Amino acid sequence: MKNPLYLLGAAAIAVTAFSSCSGHEEYDAYVASLKAQPAAIDTISSAASYAARLDTIAAKAAEFQQLGIKLNETQKAELEALSIEIQTALTNTYNRLAQTPMPLDAELCADAPVSPDPADSAAVALN
């Protein structure tokens, strides 16, 4: 009777160790991608690439959150510091792009044009 219990216990320990290693590797990969963001943000030269970078950052954050990795206080502090660094880079790039004059004859296009919804009323409903 001890052998099956021992094997179950050993299997549980192995699964726990594997999942914590996997979580650690996922965390390290996420942090590495966040650390690369400020340099990538500094190379942005258009509003379209700025928007694409925001989408990329949001997608990576959502993917990481879906993993459900429990973070310790040190990891939380590291992510908060990286978040501030990325926000500063985004703000600086936004300000730089806002100061860049746009030619009057530039053609503005949208991948998903907005058209009025016939079912929409003049009132705006906040959810």
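Counting restarts for each chain, with residues numbered from 1 along the sequence as it is written. Local features are withheld for residues below a pLDDT of 70 in this predicted model, meaning they are given only at 70 or higher, and side-chain atom pairs are given and counted only at 80 or more; totals for whole chains, interfaces and linings count all residues. Just so you know, side-chain values use all the structure's heavy atoms and leave hydrogens and water out.

### Regarding the confidence of the model for the protein chain
With 62% of its residues at a pLDDT of 70 or more, the protein chain has an overall mean of 76. Ignoring residues within four places in sequence, the model shows residues 123–127, a span with pLDDT below 50, making zero contacts including any to other chains. Per-residue confidence from the predictor is given as pLDDT, running between 0 and 100. Only heavy atoms enter the contact rule, under which two residues are in contact if any of them lie within 4.5 Å.

### Considering the pattern of salt bridges
Just to be clear on terms, a salt bridge is a Lys or Arg side-chain nitrogen sitting within 4 Å of an Asp or Glu carboxyl oxygen. By the definition in use, this model includes two salt bridges. Note that K35 and E78 form a salt bridge whose closest N and O atoms lie 3.7 Å from each other. Residue K35 is located in helix α1 (residues 2–42), and its partner E78 is located in helix α3 (residues 73–99); the two are separated by 43 residues in the primary sequence. Relative accessible area serves as the criterion here: at 28%, E78 is assigned to the partly exposed category. A salt bridge links E73 to K76, with the nearest nitrogen and oxygen atoms 3.7 Å apart. Pair noted here: E73 and K76 are both in helix α3, with a separation of three residues, about one helical turn. Three labels apply to residues, based on accessible area from a 1.4 Å probe with only protein chains included: buried if under 20% of the type maximum, exposed if over 50%, partly exposed otherwise in between. With a relative accessible area of 60%, E73 lands in the exposed category. By relative accessible area, K76 is classed as partly exposed at 36%. For helices the rule is a DSSP run of H or I covering at least 4 residues; for strands it is a run of E covering at least 2, with both sets numbered from the N terminus onward.

### Things to note about the packing of aromatic side chains
Aromatic pairing here means that ring centres of Phe, Tyr or Trp (its six-membered ring) are within 6.5 Å. Orientation follows from the plane angle: under 30 degrees is stacked, over 60 is edge-to-face, and everything else is tilted. The full count for this structure, using the stated rule, is three aromatic pairs. Ring geometry for Y27 and F64: centres 6.4 Å apart, planes at 50°, overall tilted. Here Y27 is found in helix α1, whereas its partner F64 is found in helix α2 (residues 47–67), with 37 residues between them in sequence. There is no split in this pair, since Y27 and F64 are both buried. Pairing Y50 with Y94 gives two aromatic rings, centres 6.1 Å apart and planes at 55°, and the pair type is tilted. Taken together, the positions of Y50 in helix α2 and Y94 in helix α3 put the pair 44 residues apart, joining distant regions of the chain.

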